[in-house]
Amino acid sequence: MTTKLAASFVALAMLASVARAQPAVSLLIDNGYPSTGSLNIASVLSQVSTKKGQAFHFGSTYDTYDANQSWFTSVFTTFYRHVVSENGCKWDATEPSQGVSDLTECLACQKFATTNGATFRGHNTFWHSQTPTWLPGSFTAAQITGTIIPQHVQAEVQGMGTSVTSWDVVNEVVGDGVSNGMTPLQCVQNKGDWPTVTADGSGKPLIGDLSFIYAAFNTAFQYAGNSTRLAINEYNTGGQDAKTACIISLVQNIQQNTNVPANRLAVGFQSHLTASTGGFYTKSALATTFSTLAALGIESMITELDVSLNSNSQANLRYQAAIWGDYLDACLYASNCNEFINWDPRDDLSWRGASAAATLFDASGNPKLAAYEVAARLQNYAAGNAEPCATASGTGVCTITGTGGGTTSSSGTGSGSTTTVKSTTSSTATGGSTGCVSAEWGQCGGMGWTGCTACASGTTCKVSNAYYSQCLP
Ligand code: G3I
């Protein structure tokens, strides 16, 4: 083959791989669970809690100024039983001027939850973004750690009461350029945001340690309810990558340097995903991270799940349903995951834009395939059925078969069983993650990787970044 022809062949192959359609996926709703009609999962959620042995909180965001308030009353409350204010509990809303607490919107969101028999979580007491106009100001490190943060966290946590299931005490403090082996302080310094540095863009150091994080957690612990979980919340985390490693070491550092015991700590995995290769963590990667935290006695939470699509095709909607189902199953079947939050309840309200179609309900407030698949996964778990295999890996790796038949009638008394047949994992790189090895220099992990995670002898799987791990000598 001439060089030119070979080059064009390679180019075509690369284009084809980029343009590759979403994988064919197998879903519970292909096996007898409803994929049309009205959804009411209120009672199946209580069956899930019974199965879990503790409350399982499944919810989404709300603010009183959201459009379609009637939809929230008629539909939201039958599907989501847990509420988080999308913006109303953030610093700019809750302390508009220094020392003046204004919990109006945050309390109104909590009231919407309790009026409708739902629970409520707080987001968030500390974030470098959406701060009020008087912050960051020119406060010193001592003022920030000694007064500003404790005053704010106390006012908010105390003001919202002890029924809040969990708080995102600290939000998005770990950098995106971290690497394996960094200390918790290096992970946070890598972010380069206030109050590690001043907020004037000069990058001038301000707080050279983690005292500001400790202050937030100690204050939240002092004023929160006895069973309220206190979380660090982060995006682009959940697998075996450097940023997730940072979060895990940071939460342990918080435990060692504050009054907060492990059984009150949590890690929130925001999970703003994309339905494409590398746009999400595999179920096995998530499960591994959850079990790492379980061994430490620390809770895991999915706190802001949405899955954007590059088009509203049926294949994409099915792929979205498979990804959502895997994330939900990873949480349901984990011993330490009991909060599962979907960020924005419908596409027209999504921060990712309606065209991203990133939520469970479309722009008219109708349930999408992913909503039905979520209901089916909840039914499947509540019925004590086997854990489905990783559907987002595609039918080449995971096929669900069985009679299914769960119903999500208004009584929500889902029944029916589904037999999940984990297909034999293939030994090719595109096949299952077990029973095969990647050669030296081959990929062995990363967001969305469904190939082999073991490496040929003499090589080990090293994380290059969140999306790529490689078998290196
Ligand atoms: O309330 C004002 C309104 O008065 C004004 O007219 C309007 C026009 O500027 O802005 C309104 O505030 C907007 C606010 O949402 C409420 O709608 C802000 O501009 C807008 O920036 C803000 O966006 C929020 C974003 O956080 C801010 O960073 C999104 O709704 C919210 O979904 C998003 O949520 C974050 C989580 O808190 C943390 N994790 C990432 C996630 C997505 O960014």
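The coordinates are above.
Calculation rules
Residue positions within a chain follow its written sequence, with the count starting from 1. The predicted origin of the model limits local features to residues at a pLDDT of at least 70 and limits the giving and counting of side-chain atom pairs to 80 or more, whereas totals for whole chains, interfaces and linings rest on all residues. Note that the side-chain values use all heavy atoms of the structure and ignore hydrogens as well as water. Salt bridges, as used here, are contacts in which a Lys or Arg side-chain nitrogen is within 4 Å of a carboxyl oxygen on Asp or Glu. Where helices and strands are cited, they refer to DSSP runs of H or I of at least four residues and of E of at least two residues respectively, numbered from the N terminus. Summary of the burial criterion: residues with accessible area below 20% of their type's maximum are buried, those above 50% are exposed, and those between are partly exposed, where the area comes from a 1.4 Å probe applied to protein chains only. Note on contacts: a residue pair is in contact if any heavy atoms of the two residues lie within 4.5 Å. When two cysteine sulfur atoms lie within 2.5 Å, the pair is treated as a disulfide. Two strands are counted as paired when DSSP detects at least two bridges linking them. With the strands pointing away from the viewer, any crossover whose connection runs clockwise from the first strand over the helix to the second is right-handed.

> Is there a simple way to explain the pattern of salt bridges in this structure?
Side chains bearing opposite charge may pair, as long as their charged atoms lie close to each other. Applying the stated criterion to the full structure yields 13 salt bridges. Of the charged contacts in the structure, one is a salt bridge between R121 and D168, with a shortest N-O distance of 2.8 Å. Of this pair, R121 sits in strand β3 (residues 119-123) while D168 sits in strand β4 (residues 166-171); the two residues are 47 residues apart in sequence, bridging distant segments of the chain. The pair formed by R121 and D168 is uniform in burial state, with each residue classed as buried. For R377, the salt bridge identified is with D329, shortest N-O distance 2.7 Å. Note that R377 is positioned in helix α12 (residues 369-382) and D329 in helix α11 (residues 314-332), a separation of 48 residues in sequence. In this structure, R377 and D329 share a single accessibility class: buried.

> What's the story with the side chain of S60 in this structure? I'm lost.
With respect to the helices and strands, the residue S60 is situated in strand β1 (residues 57-62). Excluding residues that lie within four positions of it along the chain, S60 makes contacts with F76, Y80, H82, V83, V84, I341, N342, W343, D344 and P345.

> Whenever I open this one, the state of the cysteines confuses me. Can you help?
Note on terminology: disulfide describes a covalent bond linking the sulfur atoms of two cysteines. In total, this model carries 4 disulfides according to the counting rule given. A sulfur-sulfur separation of 2.0 Å characterises the disulfide bridge that pairs C187 with C246. Across the S-S bond linking C187 and C246, the dihedral sits near -75 degrees, which makes this disulfide left-handed. Here C187 is found in helix α7 (residues 184-191), whereas its partner C246 is found in helix α9 (residues 242-257), with 59 residues between them in sequence. Residue C246 is classed as buried on the basis of its relative accessible area of 2%.

> What am I meant to see in the environment of T77 here?
Of note, T77 is situated in helix α3 (residues 69-79). By relative accessible area, T77 is classed as buried at 12%.

> Before we go on, may I ask you to explain the pairing of β1 in this structure?
The side chains of a regular strand alternate, first on one face of the sheet and then on the other. In terms of burial, β1 is largely enclosed, as 6 of its 6 residues are buried. Bridge analysis of β1 against strand β2 (residues 82-85) gives 4 bridges, and the strand direction is parallel. Along β2, the bridge assignment pairs Y62 with S85. Regarding the hand of the β-α-β motif, the stretch spanning β1, α3 and β2 is right-handed.

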